[in-house]
Amino acid sequence: MAPKKSEAAKYTVPGMSTSDGTEVATMLQDRLNALTDLHLTLKHIHWNVVGPHFIAVHEMLDPQVEAVRAMSDATAERMATLGVAPIGTPGALVATRTWDDYDIGRATAIEHLGALDLVYAGVIEDHRKIIDATEDSDPVTQDMLIGQSAQLELFHWFVRAHLESASGELSTSGATTEPQAARKAGSAAENQG
Ligand SMILES: [Fe+2]
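This report concerns the structure included in the present document. Counting of residues starts from 1 at the beginning of each chain's written sequence and follows it residue by residue. Reporting of local features is limited, given that this is a predicted model, to residues whose pLDDT is at least 70; pairs of side-chain atoms are given and counted only at 80 or more, and all residues count toward the totals for whole chains, interfaces and linings. Where side-chain values are given, they derive from all heavy atoms of the structure, hydrogens and water being excluded.

A look at the side chain of T75
To keep things clear, this is the line we draw: Numbered from the N terminus, helices here are DSSP runs of H or I no shorter than four residues, and strands are runs of E no shorter than two. For this analysis, residues touch if any pair of their heavy atoms sits within 4.5 Å.
Along the chain, T75 falls in helix α2 (residues 54-81). If we skip the residues at most four places from it in the chain, T75 touches L28, R31, L32, L35, M144 and Q148.

Some words on a nonpolar patch on the surface
Worth spelling out the cut-off: For patches, a residue must show more than 30% relative accessible area and have no salt bridge; joins then use 9 Å for like charges and 5 Å for nonpolar side chains, namely Val, Leu, Ile, Met, Phe, Trp and Tyr. Per-residue accessibility takes into account occlusion by the displayed protein chains alone, with areas from the Shrake-Rupley method and a 1.4 Å probe. By salt bridge we mean one thing: a side-chain nitrogen of Lys or Arg within 4 Å of a carboxyl oxygen of Asp or Glu.
A surface patch of nonpolar side chains, amounting to about 300 Å² of accessible area, comprises L154, W157 and F158. By the secondary structure assignment, W157 is in helix α5 (residues 139-161).

Regarding the packing of helix α1 (residues 18-48) against α2
Formally: Angles run from 0 to 180 degrees between N-to-C directions of axes, and those axes are lines fitted to C-alpha atoms, restricted for helices to the stretch in contact. Angular relationships are summarised with four words: roughly parallel below 35 degrees, roughly antiparallel beyond 145, roughly perpendicular across 65 to 115, and oblique for the angles in between. In a left-handed crossing the near helix is turned counterclockwise from the far helix by less than a right angle, and in a right-handed crossing that turn is clockwise. When residues are grouped by polarity, Ala, Val, Leu, Ile, Met, Phe, Trp, Tyr, Cys and Pro land in nonpolar, Asp, Glu, Lys and Arg in charged, and all others, Gly among them, in polar.
At their nearest, the axes of α1 and α2 sit 9 Å apart, and the two run at 160° to each other. On the basis of their axis angle, the class for α1 and α2 is roughly antiparallel. Every pair of crossing elements has a handedness; the one defined by α1 and α2 is left-handed. Along the lines of polarity and charge, the residues of the contact of α1 with α2 split into 13 nonpolar, eight polar and five charged.

A word on the environment of H46
By the secondary structure assignment, H46 is in helix α1. Sequence spacing of H46 and T81 is 35 residues, and the spatial spacing of their C-alpha atoms is 33 Å. What H46 contacts, discounting residues up to four positions off in sequence, is H58, L61 and D62.

Some remarks on the packing of aromatic side chains
Heads up, the condition is: Two rings from Phe, Tyr or Trp (for Trp, the six-membered ring) form a pair when their centres are within 6.5 Å of each other. A pair whose planes differ by under 30 degrees is stacked, one over 60 is edge-to-face, and the rest are tilted. Per-residue accessibility, obtained with a 1.4 Å probe over protein chains only, is compared with the maximum for each type, and a residue is labelled buried under 20%, exposed over 50%, and partly exposed between these values.
Taken as a whole, this structure holds two aromatic pairs when the rule is applied. Geometrically, the ring pair formed by F155 and F158 is tilted, given 6.1 Å between the ring centres and 55° between the ring planes. One end of the pair, F155, and the other, F158, are both in helix α5, three residues apart, so they sit about a helical turn from each other. Arranged with centres 5.7 Å apart and planes meeting at 55°, the rings of W157 and F158 form a pair that is tilted. On the basis of relative accessible area, F158 is assigned to the partly exposed category, the value being 30%. The rings of F155, W157 and F158 are connected pair by pair, giving a single aromatic cluster.

Below you can see the structure in the form of structure tokens.
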């Protein structure tokens, strides 16, 4: 059985204490889980999107999948560099994540984008917390997370641009769950059409 929890580092990068190395890697395990979850979810949407905007959204998502997979890889390799074994198995991800599975199946492009707005917001918010937390202990990890966040925030804007009215309001504003965000986005699009 795969280990559910990484062990403390026996060594880490020069200039860092092994306890700091372990602490940073532990935070990175959660980011690795979030990024792996995100690229799988993006493919799920790529496969399940239907309706008039199918091809635009279907094709928009693949470069995001590729970029987020590369972020997972860099995050796992940073953990290994810090002396802690990254855990990349699906069972461990599901057992340790603090968020629910994406719960929209076949749905219109705009409904998926509404739900994806919330998904991106969650990942980006948590990335920013770890950017703050690594400020003193590991600027190298922090730099990696800053680079990832810039890309994630850009992708989030690609999503939000579909949900934004000409006056600059988001149709998903105030939604706290994915189904709710999907419904709000869907009905705003219907009212416009
Ligand atoms: Fe495909």
